[in-house]
Amino acid sequence: MSQSKVTMEVGNDGVAVITISNPPVNALAIPIIDGLKEKFAEATRRDDVKAIVLTGKGGRFSGGFDINVFTKVHGTGDVSIMPDVSVDLVTNAVEDCKKPIVAAVEGLALGGGLEFAMGCHARIAAPRTQLGLPELSLGVIPGFGGTQRLPRLVGLSKAIEMMLSSKPIMSEEGKKLGLIDALVPSKELLKVSCAWALDMAERRKPWLRSLHRTDKIGSLSEAREVLRMARLQAKKTAPNLPQHQVCLDVIEEGIVHGGYSGVLKEAKVFKEIVLSDTSRGLVHVFLAQRATSKVPNVTDVGLKPRQVKKVAIIGGGLMGSGIATALIVNNIFVVLKEVNSEYLLKGIKTVEANVRGLANRGKMTKDKAEKALSMLKGVLDYSEFKDVDMVIEAVVENVALKQKIFSEIEKACPPHCILATNTSTIDLNLIGEKMNSQDRLVGAHFFSPAHLMPLLETVRTQKASPQIILDLMTVGKVIKKVPVVVGNCTGFAVNRTFFPYTQGPHLLVSLGVDDAYRIDRVICNFGFPLGPFQLQDLAGYGVAFAVGQEYAKAFSDRIFKSPLLELLAKDGRNGKNNGKGYYIYEKGSKPKPDPSVLSIIEESRRLTNIMPGGKPISVTDREVLEMILFPVVNEACRVLDEGVVVRASDLDVASVLGMSFPSYRGGIVFWADMVGANHVYRNLKKWSGNYKPSKFLEERAMKGIPLSAPATSSASTKSRL
């Protein structure tokens, strides 16, 4: 904490410059807040200070309140740890100060950082400064007065949009909206801010308190209508996120009863919502994602990542073209190889469609899209592989084919080249069986669609060199993915953990749960974007068959075999691929349940013949959810026990980013700990005909140890990392 401090310098002009210093983002840790209280009190007291400028050191104003304080609150349940900043400091000491205060903002002013700036009497910013209130993404609401001041500075609709989306704006837009008073070059920021503060002191410039403004709120009836529409929208887009409705309630309090009343309600409500399960889950995922970049024996041994400028991709299908897209839009040259001209052309056209789709949705400019496409070259042989830094194989899940490819590319590529496979299930030791340099073999498992999904499972075999792992992690970050390093086994971490997820629904319909669509609804209500049956439709049945065979070989003791998919395929269905699956898919409309599937389900049920006493079981929605997700938790326990992930929180991040497990539930292991290992264990025992609890789960349930607690030393000996 020696670098964390607040300094004050008083110039000959009578301006006190108060500077926040807490690298890297000048987070508002408790010692910083205490320092600010002290310096503002001193500046207010001193006769030689006419005006005050608040700024941040190192080209950044402040990234907001220190999130580590949240984890202390969550760990202890003691909300008194949260300092009283909103009333004592931002309102009383800053906004109501008898001397004018200017915020000199640069780099970023997010969360509490922006709230401090809004408490000042003017805001001067450097170009391209990020301004935002992302608190709702952590399950809380702005707590330093942001719910009251932002609507008064930018207007109610824009303020609601910024808070509910958690997305920042740039200072250029902030200037147009009135959030920023002036934009000045970085090198002049402090000088202009000091002059502005003196002009306010001499009454040459307006001295405004944000909380007292009403000119941008509109009439009470207009404001209430804006809030009503926002509530309806939030109900639709964020049904399980209480912080959205709470935030709107607090905004309304200030509009109806005045800004100060709104600030008091905000402070009270913040202390309640910070203890919510939603906040616990979202804060956990946020910090867990940061932790993924620390990998023992890779990131802590002094290695430097090597630059990857050119990548070859083998296979231009859905995955290969998606990976190619992710690379070229981030300035990495790609050579795409296919077996014939027809497939190659199809692959290139898919990449083009992906890139143009990004441009059409405003994710990149047309110029950038054209530049990206110029970085793609199609080939039919290995002649272009002689100078590539990495190869990613993305062909079908066929062991013999993959072995053949890796034997060939090992000879065709330079000795430093990373040799990666995008397999989703096959054990890497099998793939590399015929290779000489197995230290260069690594799994680069992307999730579909590869140019959009944020997770990159970096699969490390026992033989893989730390340098290769570090290089692939670095590539992942360059292409804006979150690389999670996992051990080598069938299915790796995410697909291995979630293979029971597709089996539970099949078991339920075999036991007589008539309505497959009810199962999908239960899972969507829990927070997944798609139910398991619609997910199967989306992936296509070919993938399900191929993957299912790998799991049947590896985990034969816990596979439920259902004939349902085969019966659907026999009926000419292949999910979204041909417009017919569990659902009917028509262009331009949402998937519709297909009533004719019921007779196929009945036939499948007749063939499995497992209904107790020949009668359908009766289950509640909660039981449906638990029968699908508890077996997933059970497999997660085996993954933890075998050391497939570095830490339990890595599996949480991977489940959120790779399987779209709802982030506000904290990931699969975190959620299981919230439910309780004992509850999971007891229910699995109850259904033991189909699901046997793992030893890891049983031990922790019996001893009351959280599933996320680090593995014992004996368990670490079987680590796959």
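Because the structure is predicted, anything quoted here is derived from the model rather than measured.

What counts and what doesn't
- Residues numbered from 1 in each chain as written.
- Predicted model: local features only at pLDDT ≥ 70, side-chain atom pairs only at ≥ 80, totals over all residues.
- Heavy atoms only, no water.
- Axes fitted to C-alpha atoms, helices over the stretch in contact; angles between N-to-C directions.
- Helix = DSSP H or I, 4+ residues; strand = E, 2+ residues; numbered from the N terminus.
- Parallel < 35°, antiparallel > 145°, perpendicular 65-115°, else oblique.
- Left-handed = near helix turned anticlockwise from the far one by under 90°.
- Contact = heavy atoms within 4.5 Å.
- UniProt positions renumbered as here; feature names shortened; annotations may be inferred.
- Buried < 20%, exposed > 50% of the residue type's maximum accessible area, 1.4 Å probe, protein only.
- Domains from an automatic or database assignment.
- Buried area = accessible area lost by both parts, 1.4 Å probe.
- Salt bridge = Lys/Arg side-chain N within 4 Å of Asp/Glu carboxyl O.
- Polar contact = N/O pair within 3.5 Å; in protein donor to acceptor, adjacent residues only side chain to side chain.
- Nonpolar A, V, L, I, M, F, W, Y, C, P; charged D, E, K, R; others polar.
- Pairing = 2+ DSSP bridges.
- Core = buried A, V, L, I, M, F, W, Y, C linked by side-chain atoms within 4.5 Å.

A. Region of the structure containing the packing of helix 14 (residues 341–360) against helix 15 (residues 366–373). Running from N to C, helix 14 and helix 15 cross one another at 165°; their axes reach a closest spacing of 9 Å. Here helix 14 lies roughly antiparallel to helix 15, going by the angle between them. Two packed elements cross with a definite hand, and for helix 14 against helix 15 that hand is right-handed. For the pair formed by helix 14 and helix 15, the contact residues are Val351, Glu352, Val355, Arg356, Ala359 and Asn360 on the first element and Lys366, Ala369, Glu370 and Leu373 on the second.

B. Just the UniProt feature "domain: 3-hydroxyacyl-CoA dehydrogenase C-terminal" (unreviewed entry) in the protein chain, in detail. When the UniProt feature table is mapped to this numbering, "domain: 3-hydroxyacyl-CoA dehydrogenase C-terminal" (unreviewed entry) covers residues 491–585. Segment residues 491–585 splits into 60% helix and 2% strand. End C-alpha atoms: 29 Å apart.

C. Focus on the environment of Ala493. Residue placement: Ala493 occurs in the loop between strand 17 (482–487) and helix 19 (494–510). Look at Ala493 and you get buried, because its relative accessible area is 1%. Taking the C-alpha atoms as reference points, Ala493 and Glu635, 142 residues apart in sequence, are found 9.7 Å from one another.

D. Up close: the domain arrangement of the protein chain. Looking at the assigned domains, one finds that the protein chain contains domain 1 (5–275), domain 2 (310–488) and domain 3 (494–703). Taken over C-alpha atoms, the centre of domain 2 sits 29 Å from the centre of domain 3. With both chains or domains summed, domain 2 and domain 3 bury close to 1,200 Å², and 68% of this area falls on carbon and sulfur atoms. On the domain 2 side of the interface with domain 3, the three residues burying the most area are Thr425, Leu455 and Val484, jointly 33% of the side's total. Our count for the contact surface shared by domain 2 and domain 3 stands at 0 salt bridges. The interface formed by domain 2 and domain 3 includes 3 residue pairs in polar contact (both at pLDDT 80 or more). Where the side of domain 2 that touches domain 3 is concerned, the elements lending two or more residues are strand 16 (455–460) and strand 17. With 5 residues, strand 17 is the largest single contributor of residues to the side of domain 2 that touches domain 3. Looking at side-chain class alone, the side of domain 2 that touches domain 3 contains 9 nonpolar, 4 polar and 1 charged residues.

E. The sheet that holds strand 9 (residues 182–183), seen in detail. What the 6 strands build is an open sheet, ordered 1-2-3-4-6-9; its pairing is mixed. Either end of the sheet is taken by a strand with one partner, and the two such strands are strand 1 (5–10) and strand 9. As defined by bridge partners, strand 4 (residues 101–105) adjoins strand 6 (residues 122–125) across 4 bridges and the pair is classed as parallel. Directly across from Val105, in strand 6, lies its bridge partner Ala125.

F. Here's a closer look at the environment of Glu173. For Glu173, the location among the structural elements is in helix 7 (residues 171–177). Exposure remark for Glu173: the relative accessible area of 32% places this residue in the partly exposed category. Distance in space between the C-alpha atoms of Glu173 and Thr129 is 10.0 Å, their sequence separation being 44 residues. Here Lys158 takes part through its side chain, which lies 3.0 Å from a polar atom of the side chain of Glu173.

G. Region of the structure containing the side chain of Ser424. Structurally, Ser424 is set in the loop between strand 14 (418–421) and helix 17 (428–431). Accessibility expressed as a relative area gives 16% for Ser424, which makes it buried. Those residues within four positions of Ser424 in sequence are excluded, and the remaining contacts are Glu397, His445, Gly491, Phe492, Asn495 and Val547.

H. Representation of the UniProt feature "domain: 3-hydroxyacyl-CoA dehydrogenase NAD binding" (unreviewed entry) in the protein chain within the structure. Mapped onto this numbering, the UniProt entry gives "domain: 3-hydroxyacyl-CoA dehydrogenase NAD binding" (unreviewed entry) at residues 310–488. From the first C-alpha to the last, residues 310–488 spans 26 Å; its make-up is 39% helix and 22% strand.

I. Representation of the nonpolar core. Core analysis: the largest hydrophobic core is formed by 95 residues, its most contacted members being Phe385, Val391 and Tyr582. Ranked by the residues each element gives to this core, the list is headed by helix 25 (residues 621–641), at 12 residues. The residues that make up this core include at least three from each of domain 2 (310–488) and domain 3 (494–703). Apart from the residues lying within four places of it in its own chain, the contact partners of Phe385 are Ala312, Ile314, Val335, Lys337, Val379, Val391, Ile409, Ala412, Cys413 and Pro414. Ranked by size, the runner-up nonpolar core spans 73 residues in total, among them Ala29, Leu156, Ile251 and Ile255.

J. Fine view of the sheet that holds strand 17. The strand order across the open sheet formed by 8 strands is 12-11-10-13-14-15-16-17, and the pairing between neighbours is mixed. The sheet terminates laterally at strand 12 (376–379) and strand 17, the two strands that pair on one side only. Averaged over all adjacent pairs, the angle separating strand axes in this sheet is 25°, with direction ignored. As paired elements, strand 10 (residues 310–314) and strand 11 (residues 333–337) share 5 bridges and run parallel to each other.

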